[in-house]
Amino acid sequence: MDEIRMVDLRGQYEKISKEIDLAIKEVLLSTSFINGPAVSEFTAALETYMGVKHVIPCANGTDALQVALMASGLQPGDEVITADFTFVATAETIALLGLKPKLVDVCPANFTIDPVEIEKAITSKTKAIIPVHLYGQCAKMEEILAIARKHNLIVIEDSAQAMGADYIFKNGDRKKAGSLGDIGCTSFFPSKNLGAYGDAGAIFTNDDILAEKLRSIVNHGMKVRYYHDYVGVNSRLDSIQAAILKIKLKHLDSYNLARQKAAATYDNAFSAEKCLTIPERVSWSNHIFHQYTLKTIGVDRDLLIDKLKQKSIPAMIYYPVPLHKQKAYASNDYAEKNFAISNALCNSVISLPIHTELPQEQIDYISQNLIEIIQKI
Ligand SMILES: *Cc1c(COP(=O)(O)O)cnc(C)c1O
């Protein structure tokens, strides 16, 4: 059996290498490395896929969040509500701009920000909410959008882990994760569901005025060359990455399907295990399994990971420390009792290898070994 990997970007590349190599060569020969035709072609294809009016490509997902916040007209000291249990990029960009991250607890069902906690955290200084669609499933967007409307707040979605996921409205309508809020942000980090071969990201909006501002901010605040209307940044998607992403976008739905199939096989294997909770599927979103994350119950997780490693099975903890306990973001405002779910998740979750190339043989090997280990420890 081949080496088991958390992600297999090599195997994925080999299947499309001819097309990718040709596309890269084309950019090399054109020498249009910045804002070449590949960038506008990918952008247009992504607008169609996402069902949004505007895609603003940028250099990475963290920049997408930063630029989204910069375009939102916030003032230093304004509060932005986001989830406590996630990757740091949301809290980081909020803090970097002199805004105040207000971290709140998440839902036990799918680990995304809890609308009830959002409402409790709103003050007169609250200006925006950043829900994160964690692990490949959407946050409760209808509830969040209703709260935002009621309190006149901006909603910026972090859909870095949910490229291609569908939000399912109560009336059955579907929209792509990242296309529901005022602004959506995503990452094409190589291991994401739609991954480039380097850093890349994008911003989504249906608002023409916001789109123009976002487009200007990613390019030094310019609309007309050398005339700077806004304080901007340099955050462009380069042409080589765009050429790669344009090809990979065509495969995104089949990539997500491959992840879903692997997840279903894991589910079957683990559903009877009392010490493991399989990832819950919610009514308001499909799941595209950026991560396959189990909750362990009463298990020595470090020992479990150690034993898996002895069997050459990698496993990861996303995330070991909640943001409110991180040195950079800890604040006196945070009471531990408000983070019961987030704290518990950090101590109990474990993510297994999941990617587009996972063979049945490896899934079976991982499942059998994990069950054997868990029954012994
Ligand atoms: C990956 C990720 C980001 C940041 O994306 P980069 O492209 O690495 O900057 C932001 N938020 C979440 C939830 C992510 O998983």
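Data block above holds the structure.
Owing to the predicted nature of the structure, the values given are computational and were not obtained by experimental measurement.

Cut-offs and rules
Residues numbered from 1 in each chain as written. Predicted model: local features only at pLDDT ≥ 70, side-chain atom pairs only at ≥ 80, totals over all residues. Heavy atoms only, no water. Core = buried A, V, L, I, M, F, W, Y, C linked by side-chain atoms within 4.5 Å. Buried < 20%, exposed > 50% of the residue type's maximum accessible area, 1.4 Å probe, protein only. Helix = DSSP H or I, 4+ residues; strand = E, 2+ residues; numbered from the N terminus. Domains from an automatic or database assignment. Contact = heavy atoms within 4.5 Å. Salt bridge = Lys/Arg side-chain N within 4 Å of Asp/Glu carboxyl O. Near = heavy atom within 4 Å. Polar contact = N/O pair within 3.5 Å; in protein donor to acceptor, adjacent residues only side chain to side chain. 1 Å grid on protein atoms, 1.4 Å probe; cavity = no way out; pocket = protein on both sides within 12 Å on 5 of 7 lines; lining within 4 Å. Sits in = over half its atoms within 2 Å of the grid points. Nonpolar A, V, L, I, M, F, W, Y, C, P; charged D, E, K, R; others polar. Points joined across faces, edges and corners; volume = space filled by probe spheres on them. Patch = residues over 30% accessible without salt bridge, like charges linked within 9 Å, V, L, I, M, F, W, Y side chains within 5 Å. Areas by Shrake-Rupley, 256 points an atom, 1.4 Å probe, with all protein chains shown as cover. Lys, Arg positive; Asp, Glu negative; His and termini not counted. Charge placed at Lys NZ, Arg CZ, Asp CG, Glu CD. Pairing = 2+ DSSP bridges. Right-handed = clockwise from strand over helix to strand, strands pointing away.

J.: Can you help me understand the nonpolar core in this one?
T.: What tends to happen in soluble globular proteins is that the nonpolar side chains get buried as a cluster. Counting residues in each nonpolar core, the largest one holds 38 residues, and the members touching the most others are Phe 85, Ile 113, Ile 118 and Ile 144. Looking at this core, the elements that each hand over two or more residues are strand 2 (79-83), helix 5 (115-121), helix 6 (141-151) and helix 11 (340-348). The leading source of residues in this core is helix 6, at five residues. Counting contributing residues per domain, this core is built from domain 1 (9-104 + 111-249) and domain 2 (252-376), each supplying no fewer than three. Ignoring anything within four residues of it in the chain, the contact list for Ile 113 reads Ile 81, Thr 82, Ala 83, Val 104, Asp 105, Val 106, Cys 107, Ile 118, Pro 131, Ala 139 and Ile 144. In terms of nonpolar packing, the next biggest core, distinct from the first, is built from 28 residues, Tyr 49, Leu 194, Ala 200 and Phe 204 among them.

J.: So what exactly am I meant to see when it comes to the pattern of salt bridges here?
T.: Side-chain pairs of opposite charge can arise whenever the charged atoms involved come near each other. Tallied over the entire structure, the rule returns 17 salt bridges. In this structure, the salt-bridge partner of Glu 41 is Lys 246, at a minimum N-O distance of 2.9 Å. In this pair, Glu 41 is assigned in helix 2 (residues 37-50) and Lys 246 in helix 8 (residues 239-249), connecting sequence segments 205 residues apart. With a relative accessible area of 40%, Glu 41 lands in the partly exposed category. Taking relative accessible area as the criterion, Lys 246 reaches 35% and is therefore assigned partly exposed. Through salt bridges with shared partners, one network takes in Asp 166, Arg 174 and Lys 176.

J.: I would appreciate a short explanation of the site of the ligand in the present structure.
T.: The local shell around the ligand holds 13 residues, among which Gly 61, Thr 62, Asp 158, Ser 187 and Lys 192 are the closest. The separation between an oxygen atom of the ligand and a polar side-chain atom of Asn 60 is 3.5 Å. Between an oxygen atom of the ligand and a side-chain N or O atom of Lys 192, the distance comes to 3.1 Å. Using a 2 Å cut-off from the grid points, one finds that the ligand occupies the largest pocket. Of the residues in the shell around the ligand, the class split is five nonpolar, six polar and two charged.

J.: Explain empty space enclosed by the protein to me, please; I cannot follow it from the model alone.
T.: Empty space among the atoms becomes apparent when a probe as large as a water molecule is rolled across them. What the rule picks out here adds up to two cavities of 30 Å³ or more. Lining the largest cavity are 13 residues, and of these Leu 9, Gln 12, Arg 259, His 355 and Thr 356 sit closest to its centre. For the lining of the largest cavity, the per-class residue count stands at three nonpolar, five polar and five charged. Built from parts of two domains, the lining of the largest cavity gets at least three residues from each of domain 1 (9-104 + 111-249) and domain 2 (252-376). Of the volumes computed, that of the second largest cavity is approximately 40 Å³. Around the second largest cavity, the lining residues are Ala 109, Asn 110, Phe 111, Tyr 135, Gln 137, Pro 279, Glu 280 and His 287. A class-by-class count of the residues in the lining of the second largest cavity yields four nonpolar, three polar and one charged. Here the lining of the second largest cavity spans two domains, and each of domain 1 (9-104 + 111-249) and domain 2 (252-376) adds at least three residues to it.

J.: What is the right way to look at a negative patch on the surface in this model?
T.: Among the surface-exposed residues, Asp 2, Glu 3, Glu 361 and Asp 364 lie close enough to one another that they form a single negatively charged patch. Position of Glu 361 relative to the elements: it lies in helix 12 (residues 360-376).

J.: Sorry, what's going on with the pairing of strand 5 (residues 154-158) here?
T.: Two faces make up the sheet, and in a regular strand the side chains alternate between them. Burial analysis of strand 5 places four of its five residues in the buried class, which makes it a mostly covered element. The pairing of strand 4 (residues 126-130) with strand 5 spans two bridges and is classified as parallel. Note on strand 5: the bridge partner recorded for Ala 128 is Ile 154. Since strand 4 and strand 5 lie parallel, the crossover through helix 6 that links them has a hand, and here it is right-handed.

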